[in-house]
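# Descriptive analysis of the structure
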Amino acid sequence: MIGLISATAAGAAARDRLAAAWPDRTRVYDGPVRDAVRAAFAECEQLVCFLATGAVVRLIAPLLDEKASDPGVVCVDEAGRFAVSLVGGHGGGANELAVAVGEVLGAEPVVTTATDAVGLPGLDTLGLPVEGEVAAVSRALLDGEPVALEAEVPWPLPPLPVAAQGAYTVRVTDRAVEPGEREVVLRPPSLVVGVGASRGVPAEEVLELVEGTLREAGLSVRSVCCLATVDAKAGEPGLVAAAERLGVPLVTYSAEELAAVEVPNPSAAPLAAVGTPSVAEASALLGGGELLVPKRKSKRADGGPARATCAVVRRPGRGRLAIVGIGPGARDLLTPRARAELRRASVLVGLDQYVDQIRDLLRPGTRILESGLGAEEERARTAVAEARRGHAVALIGSGDAGVYAMASPALAEASDDIDVVGVPGVTAALAAGAVLGAPLGHDHVSISLSDLHTPWEVIERRVRAAAEADLVVTFYNPRSRNRDWQLPRALEILAGHREPATPVGVVRNASRPDESSLLTTLAELDPTTVDMMTVVTVGNTATRTIAGRMVTPRGYRWQKPREEHR
């Protein structure tokens, strides 16, 4: 919950705007400001104070305890011009909150955390448990000192400017090691603990078995990602409570799924009880990985029979491939999600001219793999291969990466051994449509006139079908130096089904500084003015030019055009 505190009418107005935007996330604290801050500080994970920074500093100073537990505090001036991350930038999430508040209120976020200021990911913001000399190693990264990365467990981290060797170290491991001097240890969630249990097993017996097994194997409990078991035990109170106390989910599988897993220590007891010869080992191994600790049984202080078994498997970190649409070119049409994925990626793959558009958004240390025109399949293979090596990869394409871009060849190469995330972007057709007016107000289709990958006979058949169906048509790749006859032929097909006065919109470099547009007709369009940087949109029989804009009526009732619209 985010506590909101204000002292004046102007501050209350901005406060109420934020409360209206986030009704389920915020709570307004009224009354004397000192009492409101004290109450919110004790009850909320974060605070937004619509007060002067000096006043907030004096109010929260007596309440501060330690960095790991204090709430994040953002201070907004009463004019709503700035959102200042004051306390708990990383641990309390104040840096992200300042950005979010700024987006709602139109305020400028002010973040002074050193790593954020220079574009480095904070070691304590990577989503992994962290131990050791975080401040010292972060300072070394900031100062450009050599910091070595020792990834005992490969994991898709964001880019870090690390070296092969250095006086400082970032270690990624699930082993129970103490951080050394000048070292940070990151704990990846790489361990799956499979658990079998008898009815009524106490949570304490499960926890003692799990924690003891990990301790004896030299593994960190902070790297456990889940407890896994059979469906029949999904509601077993002892297992549910043990998972809650470990802070991990309880994952369950059917007996049929578990019975199909080959294990080193099958048993007749679970086969008779729940229908599978193994629960602990099979549930740990089901998602793949290396069996580090075979099945072990719990030990009871009273010498009674064991009521729990467990096994430990290490699953390698899955690489991550984000397929990112960077939009038609204008920076403000690049989505926030795309920005976030670009900053998350440690490897960027893309066409060189598209890389140039977003190079300044990448974090220091991002490895860039760029190539020229005509290498789409090779870029797709490269991106998938890098993800399979355990990296966080962003593969970029213009517009939306799923529209005549990189998503299709990449997904044709990818399999289920990596995580794939699609990030939509604003397409050229949409950007051009916004320039022209509303040409896509009813059913429409996009057709590429490039016959490099599609036979012209197929393209012509599609154009003819769109013409007969009376669809608005947007032509991508309409004309190049070596392909100068396809657009005239496509227009000829459309002209067989539409009036010569049918509106046609031509937009070149939509959303870019040298954008140009022309609204003409099917009879008057000069194909020689069109090139590969152009999108051509041809209206249907209902499309009209209204006040200099191209408009296709919305709805399913055919509208007879009014005389004054002609």
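Please read all numbers here as calculations on a predicted model, not as lab measurements.

### Topic: the packing of aromatic side chains
A full pass over the atoms with the stated rule returns two aromatic pairs. Considering the side-chain rings of Tyr-404 and Tyr-476, the 4.7 Å spacing of their centres and the 55° angle between planes classify their relative orientation as tilted. Taken as a pair, Tyr-404 in the loop between β19 (392-397) and α15 (407-413) and Tyr-476 in strand β23 (residues 472-476) lie far apart in primary sequence, 72 residues in all. Between the aromatic rings of Trp-456 and Trp-485, the centroid separation amounts to 5.1 Å while the plane-to-plane angle is 70°, which identifies the pairing as edge-to-face. Here Trp-456 is found in helix α17 (residues 456-468), whereas its partner Trp-485 is found in the loop between β23 and α18 (486-495), with 29 residues between them in sequence. For Trp-485, a relative accessible area of 43% gives the class partly exposed.

### Some thoughts on the sheet that holds strand β16 (residues 320-325)
By definition, the strands of a sheet pair up through backbone hydrogen bonds, in either a parallel or an antiparallel sense. Spatial strand order, β18-β17-β19-β16-β20: five strands in an open sheet with parallel pairing. The two strands at the open ends of the sheet, each matched to only one other strand, are β18 (367-371) and β20 (419-423). Strand-to-strand twist across the sheet, computed as the mean angle between neighbouring axes with direction ignored, equals 15°. Summarising the sheet, strand β17 (residues 347-351) and β18 pair through five bridges and their orientation is parallel. Across the sheet, the residue bridging to Leu-348 is Ile-368, located in β18.

### Comments concerning the pattern of salt bridges
Side chains that carry opposite charge are capable of pairing whenever their charged atoms lie near each other. If you walk through the whole model with that rule in mind, you get 29 salt bridges. Of the charged contacts, one joins Arg-171 and Glu-152 as a salt bridge, the two residues approaching to 3.8 Å between their closest N and O atoms. Here Arg-171, found in strand β9 (residues 168-172), pairs with Glu-152, found in the loop between β8 (147-151) and β9; they are 19 residues apart in sequence, far enough to count as distant. Exposure remark for Arg-171: the relative accessible area of 15% places this residue in the buried category. Accessibility expressed as a relative area gives 36% for Glu-152, which makes it partly exposed. With a shortest N-O distance of 3.1 Å, Arg-464 and Glu-460 are connected by a salt bridge. Within this pair, Arg-464 and its partner Glu-460 are both found in helix α17, separated by four residues, close to a single helical turn. What emerges from the salt-bridge pattern is a single network uniting Glu-150, Glu-152, Arg-171, Arg-175 and Glu-183.

### A few points about the packing of helix α7 (residues 203-216) against helix α8 (residues 237-246)
At a closest axis distance of 8 Å, the pairing of α7 and α8 adopts a crossing angle of 55°. One element, α7, and the other, α8, form an angle in the oblique class. Seen along the crossing, α7 lies across α8 with a hand that is right-handed. Here α7 contributes Ala-203, Glu-204, Val-206, Leu-207, Val-210 and Glu-211 to the contact with α8, which in turn contributes Gly-238, Leu-239, Ala-241, Ala-242, Arg-245 and Leu-246. For the contact of α7 with α8, the per-class residue count stands at eight nonpolar, one polar and three charged.

### Quick word on helix α2 (residues 33-43)
Turning to α2, its buried residues are Ala-36, Val-37, Ala-40 and Phe-41. All buried residues of α2 fall inside an arc of 125° around its axis, so they share one side. In this structure, α2 carries Arg-34 and Ala-42 as exposed residues pointing more than 90 degrees from its buried face.

### Observations concerning the pairing of strand β26 (residues 534-538)
Burial within β26 is extensive, with five of its five residues counted as buried. Along β26, one buried face is formed by Thr-534, Val-536 and Val-538 and the opposite face, lined by Val-535 and Thr-537, is buried too. Examined bridge by bridge, β23 and β26 share three bridges and lie antiparallel to one another. By the bridge assignment for β26, Phe-475 is matched with Val-536. Alignment of strand β24 (residues 503-508) against β26, held across five bridges, turns out to be antiparallel. The partner of Val-504 across the bridge, within β26, is Val-538.

The rules behind these values
- Residues numbered from 1 in each chain as written.
- Predicted model: local features only at pLDDT ≥ 70, side-chain atom pairs only at ≥ 80, totals over all residues.
- Heavy atoms only, no water.
- Phe/Tyr/Trp six-rings, centres within 6.5 Å; stacked < 30°, edge-to-face > 60°.
- Helix = DSSP H or I, 4+ residues; strand = E, 2+ residues; numbered from the N terminus.
- Buried < 20%, exposed > 50% of the residue type's maximum accessible area, 1.4 Å probe, protein only.
- Pairing = 2+ DSSP bridges.
- Axes fitted to C-alpha atoms, helices over the stretch in contact; angles between N-to-C directions.
- Salt bridge = Lys/Arg side-chain N within 4 Å of Asp/Glu carboxyl O.
- Parallel < 35°, antiparallel > 145°, perpendicular 65-115°, else oblique.
- Left-handed = near helix turned anticlockwise from the far one by under 90°.
- Contact = heavy atoms within 4.5 Å.
- Nonpolar A, V, L, I, M, F, W, Y, C, P; charged D, E, K, R; others polar.
- Arc of directions from axis to C-beta.

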